[in-house]
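Tertiary structure, described
The chain contents come next:
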Amino acid sequence: HNSTFMNGTGNLMDFLDEPFPDVGTYEDFHTIDWLREKSRDTDRHRKITTKSKESYWELIKSLLDAWSGWVVMLLIGMLTGTLAGVIDLAVDWMTDLKEGVCLSAFYYSHEQCCWTSNETTFDDRDKCPQWQKWAELMTGHSEGAGAYVLNYFLYVLWALLFSFLAVSLVRVFAPYACGSGIPEIKTILSGFIIRGYLGKWTLLIKTVTLVLAVSSGLSLGKEGPLVHVACCCGNLFCSLFSKYSKNEGKRREVLSAAAAAGVSVAFGAPIGGVLFSLEEVSYYFPLKTLWRSFFAALVAAFTLRAINPFGNSRLVLFYVEYHTPWYMAELVPFILLGVFGGLWGTLFIRGNIAWCRRRKTTLLGKYPVLEVIVITGITAVLAFPNPYTRRSTSELISELFNDCGALESSQLCDYVNNPNMSRPVDDIPDRPAGPGVYTALWQLALALIFKIVITIFTFGMKIPSGLFIPSMAVGAIAGRIVGIAVEQMAYHHHDWIIFKNWCRPGADCVTPGLYAMVGAAACLGGVTRMTVSLVVIMFELTGGLEYIVPLMAAAVTSKWVADAFGKEGIYESHIQLNGYPYLDVRDEFTHRTLATDVMRPRRSEPPLAVLTQDSTTVEDVETLIKDTDYNGFPVVVSRESERLIGFVQRRELTVAIKTARQKQDGVVSSSVVYFTEDNPQVAEACDPQPLKLRRILNLSPFTVTDHTPMETVVDIFRKLGLRQCLVTRSG
């Protein structure tokens, strides 16, 4: 009978294929064992390699297996790029729908509508007869108080409709689609399992509701959720290949690369995406994953470029044309912007976490739909009167980043021109600010206060909400205000010592757009605590290669200032708030304790639940499983000498006993379970048939001695990704 199982070779692979379904998978909300996943993959690989020497067919199969990783990356990149393009186009159209509609073709956004028109002049690019605001369409009047009120009312109405649709879809179909998704993805990549978080429904609903949420004019971005969407795509394609679907460790490598593709299309920054995945989201990041992420980000960027959602044949959102040099003295305002970014990051994290905690503990959490609608209503009512908050946030950022050329018609560029000055087009000297600039500054100051306050309440509601764009907007507004102030100072006081050596009268020496860029980087860094990837994303986003040093200065300053008030970034804070198990690689562990002080059970608790190698009955095992909720049990020689033999997983034990009771005759409640190589001696013929479970026994569980310092133990858990560790004394 014994020979039907393998004869005592405790090889992992043999039992994985043969007798049990479901072995090696994990329960929901459990942590995976990275070591085990790794060894299973090595075994699978070895098996394929030995087989491939047997026949040509097996050789082809082994080649296909080697290629499957790159195929998955290709598919992820293509799908992510397509989804991002569709989201961009839909957001553009729906944002403009709140203000008016295109008569020549209703599915055109404002910009597309006026492209096709013949009547536009360069000065009035935004006005063309085909594009009509709602009031004009309904009453025929485009100016006047009545038209303003009607436009205002319809703007708020559309915003409420969009956000109501978004929150309802999330509530009914995919509760996991809310929020930014990055905290959960960090947790999942560190080895935790949340079933359904990356499922097909989540993917579909998140894509649709993301468009609705961003178009509703709420203070949120699409960048964070795009990472979640990309990871859903990664999970979707993993299920097509058994190499990834059956191995949680390998699946996480693919998800790391998918996160890179997500950032790559969110910002049009492929290298920034790879660095973001490496610095911010991933936990275990081998070199192979680095190349794969690079490839996935590349494919995704190519696909997005083929769709060309912005119509300017560029990937980047906020392309800047200016290349004026910056001067050493300007580092002072840059560093001040860095300080502002750090302070705003601290304020935002504290305020947002406090508000989210209230949402969890009070009645507020019971009415998610009402909360979203109230916040949308407040946002829309306050946003419409101010032209800077009325438009979509990314349009606002792109205007703040731009420099005032000779052809700019924006209010920010209403400077007083010197009439008798010959004007070269690209290099306009500093000029005194006109009335339009002062109006714009007032509106920007109000917009800044509005954005700072409303973002704290918006992030974390039950709709998809990213954080990158609102934080960049706060920084860009602050930066532009500082930039204009410095520019006017340099103009009016060019004989001061600081301006003397680099600011001659009639030269263009201060670029306000650059200050906006630096401010945006500083604020984003203060909230997320990114450094390297942040700078790379910023210069890929704007194409401003000369400005790496100012960006680095601001990013480092903002990180220092923010770290002085608290070590966690916004994502780590949300992980802690939700209570996910996450051992941060960056945390310092300072306790001077030993493994004995931390191990369970404690002295006062009941003794450790163990199995013996050849004296436990099936009934004993079943009672043990029923009475405890541990994930596994150590196997010892006997109750008297508790020397360790190995470790057995709870799930595999249950499956094995269930299967044995169904398939194997003679196994009853009083059968002895044994984990040794050879049969225990059956005393008489009437004794029930014993059950051999050596094949599910892990013979090399990870052990430390009782005097190991806790720092080492924590390091072992972090670096090897253990699920449990046994503490022994002389075996």
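A quick note: this is a predicted structure, and the numbers were derived from the prediction, not measured.

**Some words on the overall build of the protein chain**
Across its full length, the protein chain carries 28 helices and 11 strands. If you take every contact in the protein chain between residues at least 6 apart in sequence, the share linking residues at least 24 apart comes to 75%. By element, 62% of the accessible surface of the protein chain is carried by carbon and sulfur atoms, the whole surface being about 33700 Å².

**As for the environment of Thr728**
Along the polypeptide, Thr728 turns up in strand 11 (residues 726–728). Look at Thr728 and you get buried, because its relative accessible area is 16%. Between the C-alpha atoms of Thr728 and Leu644, which are 84 residues apart in sequence, the distance is 8.0 Å. If we skip the residues at most four places from it in the chain, Thr728 touches Leu644, Thr703, Val704, Thr705 and Asp706.

**Concerning the side chain of Asp41**
Relative to the elements of secondary structure, Asp41 occurs in helix 2 (residues 34–52). Given the relative accessible area of 14%, Asp41 is considered buried. In this view, Asp41 contacts Asn247 and Lys250; residues no more than four positions away in its chain are not counted.

**Side note on the pairing of strand 6 (residues 644–649)**
Examined bridge by bridge, strand 5 (residues 632–636) and strand 6 share 5 bridges and lie antiparallel to one another. Considered in strand 6, the bridge of Val636 is made with Leu644.

**So, the sheet that holds strand 3 (residues 611–612)**
Strands in a sheet are paired, the pairing made by backbone hydrogen bonds, and the direction either parallel or antiparallel. The sheet built from 4 strands is open, its strands ordered 3-5-6-9 with mixed pairing. Of all strands in the sheet, those bounded by a partner on one side alone are strand 3 and strand 9 (697–698).

**Details of the packing of aromatic side chains**
On inspection of all chains with the given rule, the structure shows 23 aromatic pairs. Look at Phe276 and Phe468: their rings are 5.9 Å apart centre to centre, the planes differ by 70 degrees, and that puts the pair in the edge-to-face class. Placement of the pair is Phe276 in helix 12 (residues 270–281) and Phe468 in helix 19 (residues 468–492), with a sequence separation of 192 residues. An angle of 50 degrees between the planes, with centres 6.3 Å apart, marks the rings of Phe348 and Phe459 as tilted. Of the two residues, Phe348 sits in helix 14 (residues 331–361) while Phe459 sits in the loop between helix 18 (435–458) and helix 19, which places them 111 residues apart along the sequence.

**A word on the nonpolar core**
Ranked by internal contacts, the top residues of the largest apolar core, which has 133 residues, are Phe267, Phe401, Met472 and Met538. Leave out the neighbours within four places in its chain, and Phe401 touches Phe318, Val320, Tyr322, Met472, Ala476, Arg480, Gly513, Ala516, Met517, Ala520, Met538 and Thr542. Membership of the second largest hydrophobic core comes to 20 residues, among which are Val621, Phe633, Ile657 and Leu691.

**Some words on the environment of Val482**
Residue placement: Val482 occurs in helix 19. For the pair Val482 and Leu336, spaced 146 residues apart in the sequence, the C-alpha separation amounts to 9.6 Å. Residue contacts for Val482: discarding those within four places in its chain leaves Pro333, Leu337 and Tyr515.

**Section: the state of the cysteines**
Inspection of every chain in the model, using the stated rule, returns 1 disulfide. With a sulfur-sulfur separation of 2.0 Å, Cys102 is cross-linked through a disulfide to Cys113. Note on the Cys102 and Cys113 pair: the S-S dihedral is about 80 degrees, so by sign convention the disulfide is right-handed. Of this pair, Cys102 sits in strand 1 (residues 100–102) while Cys113 sits in helix 4 (residues 110–115); the two residues are 11 residues apart in sequence, bridging distant segments of the chain. The class of Cys113 is buried, set by a relative accessible area of 0%. In this structure Cys238 is a free cysteine whose sulfur lies 10.0 Å from that of Cys231, the closest cysteine sulfur available.

**Considerations on the packing of helix 9 (residues 223–238) against helix 11 (residues 248–267)**
Packing of helix 9 against helix 11 brings their axes to within 7 Å, and their N-to-C directions diverge by 140 degrees. On the basis of the axis angle, helix 9 is oblique to helix 11. As for how helix 9 packs across helix 11, the hand of that crossing is right-handed. Along its contact with helix 9, which presents Glu223, Leu226, Val227, Ala230, Cys231, Gly234, Asn235 and Cys238, the element helix 11 presents Arg251, Val254, Leu255, Ala258, Ala259, Gly262, Val263, Ala266 and Phe267.

**With respect to the packing of helix 14 against helix 19**
Contact geometry for helix 14 and helix 19: axes closest at 11 Å, N-to-C directions at 150 degrees. One element, helix 14, and the other, helix 19, form an angle in the roughly antiparallel class. Regarding helix 14 and helix 19, the two cross each other, and that crossing is right-handed. Contacts from Pro333, Leu337, Phe340 and Trp344 in helix 14 reach Ser471, Val474, Ala478, Gly479, Val482 and Val486 in helix 19. Split by residue class, the contact of helix 14 with helix 19 holds 8 nonpolar, 2 polar and no charged.

**Re the sheet that holds strand 8 (residues 691–692)**
Sheet architecture is open: 3 strands sit in the order 4-7-8, paired in mixed fashion. Either end of the sheet is taken by a strand with one partner, and the two such strands are strand 4 (616–617) and strand 8.

**Some details on the pairing of strand 5**
Regular strands place side chains that alternate from one sheet face to the opposite one. By the criterion of burial, strand 5 is predominantly enclosed, with 5 of the 5 residues buried. Residues of strand 5 alternate between two faces, with Gly632, Pro634 and Val636 on one and Phe633 and Val635 on the opposite face, all of them buried. Where strand 3 meets strand 5, 2 bridges bridge the pair, whose relative direction is parallel. Within strand 5, the residue paired with Leu611 across the bridge is Val635.

**Topic: the confidence of the model for the protein chain**
Looking at the protein chain as a whole, the pLDDT averages 87, with 90% of positions reaching at least 70. In the model of the protein chain, helix 1 (residues 12–17) stands out as the element of lowest mean pLDDT, 37, in contrast to helix 9, which has the highest, 96. Segment residues 1–20 is flagged for pLDDT under 50; beyond a separation of four residues in sequence, or across chains, it makes 37 contacts in the model.

**Considering helix 27 (residues 650–663)**
Counted at 1.5 Å a residue, the expected span for helix 27 with its 14 residues is 20 Å, and the 20 Å between its end C-alpha atoms agrees. Those residues of helix 27 that fall on the buried side of the exposure criterion are Glu652, Leu653, Val655, Ala656, Ile657, Thr659 and Ala660.

**Focus on helix 24 (residues 570–578)**
Of all 9 residues in helix 24, 7 are buried, a share of seventy percent or more. Among all positions in helix 24, only Ile570, Tyr571, Glu572, Ser573, His574, Ile575 and Leu577 are buried. Two residues or fewer after helix 24 comes Gly579, characterised by a positive phi angle close to 70 degrees.

**Overview of a nonpolar patch on the surface**
On the surface, Leu363, Tyr367, Leu370, Val374, Ile378 and Leu382 cluster together into a nonpolar patch covering about 600 Å² of accessible area. Topologically, Ile378 is positioned in helix 15 (residues 368–383). Owing to a relative accessible area of 40%, Ile378 belongs among the partly exposed residues under this scheme.

**Notes on unusual backbone geometry**
Between Arg600 and Pro601 the backbone carries a cis peptide bond, its omega angle lying at -10 degrees. Relative to the helices and strands, Pro601 is located in the loop between helix 25 (595–598) and strand 3. Backbone geometry places Phe29, a non-glycine residue, at a positive phi of 60 degrees. Take Phe29: it is sitting in the loop between helix 1 and helix 2. On the basis of relative accessible area, Phe29 is assigned to the partly exposed category, the value being 44%. Positive phi outside glycine occurs at Ser730, with the angle close to 40 degrees.

Basis of the calculations
- Residues numbered from 1 in each chain as written.
- Predicted model: local features only at pLDDT ≥ 70, side-chain atom pairs only at ≥ 80, totals over all residues.
- Heavy atoms only, no water.
- Helix = DSSP H or I, 4+ residues; strand = E, 2+ residues; numbered from the N terminus.
- Contact = heavy atoms within 4.5 Å.
- Areas by Shrake-Rupley, 256 points an atom, 1.4 Å probe, with all protein chains shown as cover.
- Buried < 20%, exposed > 50% of the residue type's maximum accessible area, 1.4 Å probe, protein only.
- Pairing = 2+ DSSP bridges.
- Phe/Tyr/Trp six-rings, centres within 6.5 Å; stacked < 30°, edge-to-face > 60°.
- Core = buried A, V, L, I, M, F, W, Y, C linked by side-chain atoms within 4.5 Å.
- Disulfide = S-S within 2.5 Å.
- Axes fitted to C-alpha atoms, helices over the stretch in contact; angles between N-to-C directions.
- Parallel < 35°, antiparallel > 145°, perpendicular 65-115°, else oblique.
- Left-handed = near helix turned anticlockwise from the far one by under 90°.
- Nonpolar A, V, L, I, M, F, W, Y, C, P; charged D, E, K, R; others polar.
- pLDDT = per-residue confidence, 0-100.
- Expected span 1.5 Å × (residues − 1).
- Patch = residues over 30% accessible without salt bridge, like charges linked within 9 Å, V, L, I, M, F, W, Y side chains within 5 Å.
- Salt bridge = Lys/Arg side-chain N within 4 Å of Asp/Glu carboxyl O.

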